[in-house]
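Single-letter residue listing:
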Amino acid sequence: MVLNKARPGVDRAAPRLSGVQLKVQAARLGQAMPSLAAAYAQALARWLGDPVLRLAGRPIITECYRSPERQDELYKQGRSKPGPVVTYKRGGESKHNQLPAPALDVAFLLPDGEVSWSGLLLGKFARLMKAADARVHWGGDWPRFKDRPHFEV
Ligand SMILES: [Zn+2]
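Rules used throughout
- Residues numbered from 1 in each chain as written.
- Predicted model: local features only at pLDDT ≥ 70, side-chain atom pairs only at ≥ 80, totals over all residues.
- Helix = DSSP H or I, 4+ residues; strand = E, 2+ residues; numbered from the N terminus.
- Rg over C-alpha atoms; globule rule 2.2 N^0.38 Å.
- Contact = placed C-beta atoms within 7 Å.
- UniProt positions renumbered as here; feature names shortened; annotations may be inferred.
- Core = buried A, V, L, I, M, F, W, Y, C linked by C-beta atoms within 7 Å.
- Buried ≥ 20, exposed ≤ 12 C-beta atoms within 10 Å, placed from the backbone.
- Axes fitted to C-alpha atoms, helices over the stretch in contact; angles between N-to-C directions.
- Parallel < 35°, antiparallel > 145°, perpendicular 65-115°, else oblique.
- Left-handed = near helix turned anticlockwise from the far one by under 90°.
- Expected span 1.5 Å × (residues − 1).
- Pairing = 2+ DSSP bridges.

## A short note on the overall build of the chain
When helices and strands are counted, the chain shows five helices and five strands. Tracing the chain from N to C terminus, the helices and strands come up as α-α-α-β-α-β-β-α-β-β. Taking 153 residues into account, the globule formula puts the C-alpha radius of gyration at 15 Å, and the chain, at 16 Å, falls close to it. Along the first, second and third principal axes, the C-alpha set of the chain runs to 45 × 35 × 30 Å. Sequence separation of 24 or more characterises 64% of the internal contacts of the chain that already satisfy a separation of 6 or more.

So, in structure tokens, the structure goes:
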């Protein structure tokens, strides 16, 4: 998925979101429970304020609220539909299916315009999320099914 193609000469610049992308991010954050939204906002501000991290990638919320119908579609993946298993929850069972949502999924917009689910970057972001609010749980800490893009309260 390509969101922003890097232009020559700005490759070392931190990746930036367009106005439309910022609106999408604000709308997704608006679906989150207030405590989770506040933790994300604080972690994002810390990330963007770090001269090294901000060049590595820009955190983005890929999904917050998810309809039960879409959850059921995801559940079929790796079972009755091709692809890897991405969830053990059926429609209505996931924290993503509640509104306001106590869960959100994170990825990174890279300087070259690609979207990354790097475990290294997600681990660094998870530290900031947990520092922002001790009630935040990271899917990468789960012993069985590691869900590194996933954060919940
Ligand atoms: Zn999730």
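## Things to note about the UniProt feature "domain: Peptidase M15C" (unreviewed entry) in the chain
The positions that UniProt labels "domain: Peptidase M15C" (unreviewed entry) are, in the present scheme, residues 123–153. As annotated, residues 123–153 comprises 32% helix and 16% strand, and the C-alpha atoms at either end are separated by 17 Å.

## Re the nonpolar core
A general feature of soluble globular proteins is that nonpolar side chains tend to end up buried together. Counting residues in hydrophobic clusters, the biggest one holds 28 residues, and the most contacted among them are Tyr40, Ala43, Leu104, Val106, Phe125 and Met129. The set of elements that each furnish at least two residues to this core consists of α2 (34–48), β1 (58–63), β2 (103–109) and α5 (119–132). Once residues within four sequence positions are removed from consideration, leucine 104 is found in contact with Ala32, Leu36, Tyr40, Ile61, Cys64 and Phe151.

## Topic: the packing of α2 against α5
Following both chains from N to C, one finds α2 and α5 inclined at 130 degrees, their axes separated by 8 Å at the closest point. Put simply, α2 runs oblique to α5. Viewed along their axes, α2 and α5 form a crossing whose handedness is right-handed. Packed against α2, whose contacting residues are Ala39, Tyr40, Gln42, Ala43, Arg46 and Trp47, the element α5 presents Phe125, Leu128, Met129 and Ala132 at the interface.

## A closer look at helix α1 (residues 19–30)
In this model, α1 (12 residues) spans 16 Å end to end at C-alpha, consistent with the 16 Å of a helix rising 1.5 Å per residue. The buried fraction of α1 amounts to one of the 12 residues, a small share that puts the element mostly on the outside.

## Overview of the pairing of β2
The buried fraction of β2 amounts to seven of the seven residues, a majority that puts the element mostly inside the structure. Across the two faces of β2 the burial is the same, with Ala103, Asp105, Ala107 and Leu109 and Leu104, Val106 and Phe108 all buried. Across five bridges, β1 lies against β2 in antiparallel orientation. Note that in β2 the partner of glutamate 63 across the bridge is aspartate 105. Bridging between β2 and strand β5 (residues 150–152) involves three bridges; their strand directions are antiparallel. Note on β5: the bridge partner recorded for leucine 104 is phenylalanine 151. Bridge count between β2 and strand β3 (residues 115–116): two bridges; the pairing is antiparallel.

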